[in-house]
Amino acid sequence: TATASGTMTLDTTITSLTATATGLSSIVVSETDSIQLTNVQASDGEISVVAGGAVTAMNIVSSNDVIGNDVSITATSGNITVGTISVGATSGAVTLLAISGAILDGANDASTDISADQVMITSSAGIGESTGAGSLDTAVNSLVANVTGAGLINLNEGNGVTLTSVTTFNGS
């Protein structure tokens, strides 16, 4: 557990993280391998995570809806599993990059997983799952979804969305 009133820069080798940054502050995490982001919240700043393994994003919140208070999560190996990621509905952006894995709904339900103005999702192995309620559920204004290898795209948008770009190399 980490709490700070300023920017937090963490180089970690841990299994889970709870972090809160208050005031004008960001959270930047560089994780050696897999990590569970249990509860990561920035009241007025960006959240950036790069992990050497899979990432489970249980509850990620960037509260203040201004340009730059975005969430970016990269898994260099393994999946990104999304519980809830929430940023500003007017100015907030979420970027998810699974270099050698899929991006999945953590609860396999129809509840909103990502709330934002803009979302950019790139995966080598698919977005969402084909079985059950396996779609990645969004409430966003514009969306870019890209699968670079074999894999499907299964999204469920909760309201109107502009599909800026949706591509899959070998899937549906």
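Owing to the predicted nature of the structure, the values given are computational and were not obtained by experimental measurement.

The next thing to look at is the sheet that holds strand β2 (residues 8-12). Read across the sheet, eight strands follow the order β2-β4-β6-β8-β10-β13-β15-β17 without closing on themselves; strand pairing throughout is parallel. Of all the strands in the sheet, just β2 and β17 (162-170) have a single pairing partner and so form its edges. Ignoring strand direction, the axes of neighbouring strands in this sheet form an average angle of 5°. In this structure, β2 lies alongside strand β4 (residues 27-31), joined through five bridges in parallel fashion. What sits directly across from methionine 8, in β4, is isoleucine 27.

This part covers the nonpolar core. The biggest cluster of nonpolar side chains holds 41 residues, and the ones touching the most others in it are Ile73 and Ile85. The biggest single contributor to this core is strand β5 (residues 35-44), with four residues. For isoleucine 85, the contacting residues outside a window of four places in its chain are Ala57, Ile60, Val71, Ile73, Val94, Leu96, Asp113, Ile114 and Ser115.

The rules we used
Residues numbered from 1 in each chain as written. Predicted model: local features only at pLDDT ≥ 70, side-chain atom pairs only at ≥ 80, totals over all residues. Heavy atoms only, no water. Pairing = 2+ DSSP bridges. Helix = DSSP H or I, 4+ residues; strand = E, 2+ residues; numbered from the N terminus. Axes fitted to C-alpha atoms, helices over the stretch in contact; angles between N-to-C directions. Core = buried A, V, L, I, M, F, W, Y, C linked by side-chain atoms within 4.5 Å. Buried < 20%, exposed > 50% of the residue type's maximum accessible area, 1.4 Å probe, protein only. Contact = heavy atoms within 4.5 Å.

Worth remembering: the numbers are spatial, not functional.
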